[in-house]
Amino acid sequence: MPYLPDAMPAPQPSRDDAPFWSACNEGRLLIRHCTDCERFSHPPMPSCPHCASTRMDWKEVSGNGTVYTYTVSHHPTHPALKGHNPYNVAVVLLDDAGDVRLVSNVVDVAPEDMKIGLPVSVYWDALAGGFQLPRFRKRIESDQSKGEEQ
Ligand SMILES: [Zn+2]
């Protein structure tokens, strides 16, 4: 069951972000990357927001990140959310994509347990319409093994 109701609007891929959504449907997180200044950007655009180059490609990233900030919504902001439990909207700073932050949700953390700096990893949430959305789950094992290596 998806984190938010199936009646929520599905993505409408455009020419600029269609490769992002196609990769999501394959369970891969692709982020737009500039081959001139080597910086990442999101959402996908035809030119680099840092140096204006149009030489852009895509890089697959791990899907690991941390909660940069979040909010918990108790009010339905869309008719499909009427009667739905409180849900979080999280801004996730990706570990391996510069300063790129994705607006998403953390699916397995109660509102009172959400916190800034929480380590998370991508979770592919399948919608009834066929899309897979990149949402996030609390990251536990990889975090502990990193601590033991140091
Ligand atoms: Zn650039």
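In this text, all values refer to a predicted model and were calculated from it rather than measured experimentally.

Conventions we followed
- Residues numbered from 1 in each chain as written.
- Predicted model: local features only at pLDDT ≥ 70, side-chain atom pairs only at ≥ 80, totals over all residues.
- Heavy atoms only, no water.
- Core = buried A, V, L, I, M, F, W, Y, C linked by side-chain atoms within 4.5 Å.
- Buried < 20%, exposed > 50% of the residue type's maximum accessible area, 1.4 Å probe, protein only.
- Helix = DSSP H or I, 4+ residues; strand = E, 2+ residues; numbered from the N terminus.
- Domains from an automatic or database assignment.
- Contact = heavy atoms within 4.5 Å.
- Donors = N, O, S within 2.8 Å, 3.2 Å for Na, K, Ca; no water.
- Tetrahedral: all angles 85-135°; square planar, octahedral: opposite > 155°, others 65-115°.
- Pairing = 2+ DSSP bridges.
- Axes fitted to C-alpha atoms, helices over the stretch in contact; angles between N-to-C directions.

> Sorry, what's going on with the nonpolar core here?
Looking at soluble globular proteins, one finds that nonpolar side chains tend to be buried together. Residues L29, I31, L94, V106 and F136 are the most contacted members of the largest nonpolar core, which totals 25 residues. Elements with a contribution of two residues or more to this core: α1 (18–25), β1 (29–34), β5 (87–94), β7 (119–126) and β8 (132–138). Inspection of this core shows a minimum of three residues originating in each of domain 1 (14–61) and domain 2 (62–150). When sequence neighbours within four positions are dropped, the list of residues in contact with V106 reads Y3, V67, N88, A90, M114, V120, F136, R137 and K138.

> What exactly am I supposed to notice about the coordination of the zinc ion here?
Six octahedral donors around a metal ideally subtend angles of 90 or 180 degrees, whereas four tetrahedral donors ideally subtend 109.5 degrees. With distances of 2.3 to 2.4 Å, the protein atoms coordinating the zinc ion are C34 (SG), C37 (SG), C48 (SG) and C51 (SG). Here the zinc ion is ringed by four donor atoms whose angles at the metal span 105 to 116°, and the overall shape comes out tetrahedral. The sequence pattern formed by the donor residues of the zinc ion is C-x2-C-x10-C-x2-C. Pair noted here: C37 is in the loop between β1 and β2 (40–41) and C48 is in the loop between β2 and β3 (56–61), with a separation of 11 residues, a long-range link. On the accessibility criterion, C37 (28% relative accessible area) is partly exposed.

> Whenever I open this one, the sheet that holds β1 confuses me. Can you help?
Picture the strands of a sheet paired through backbone hydrogen bonds; they go either parallel or antiparallel. One open sheet accounts for three strands, arranged β2-β1-β3; its pairing is antiparallel. Edge strands, defined here as strands with exactly one partner in the open sheet, are β2 and β3. Two elements, β1 and β2, share two bridges in a ladder whose sense is antiparallel. Bridging across to β2, H33 finds its partner in F40. Sitting on the sheet, α1 is in contact with β1 and β3, with an inclination near 150° to β1.

> What exactly am I supposed to notice about the environment of D57 here?
Counting through the fold element by element, D57 comes out in strand β3. Residue classification places D57 among the partly exposed residues on the basis of a relative accessible area of 24%. C-alpha separation for the pair D57 and T35, spaced 22 residues apart in sequence, amounts to 6.8 Å. Non-local contacts of D57, meaning those with residues more than four positions away in its chain, are made with I31, R32, H33 and T35.

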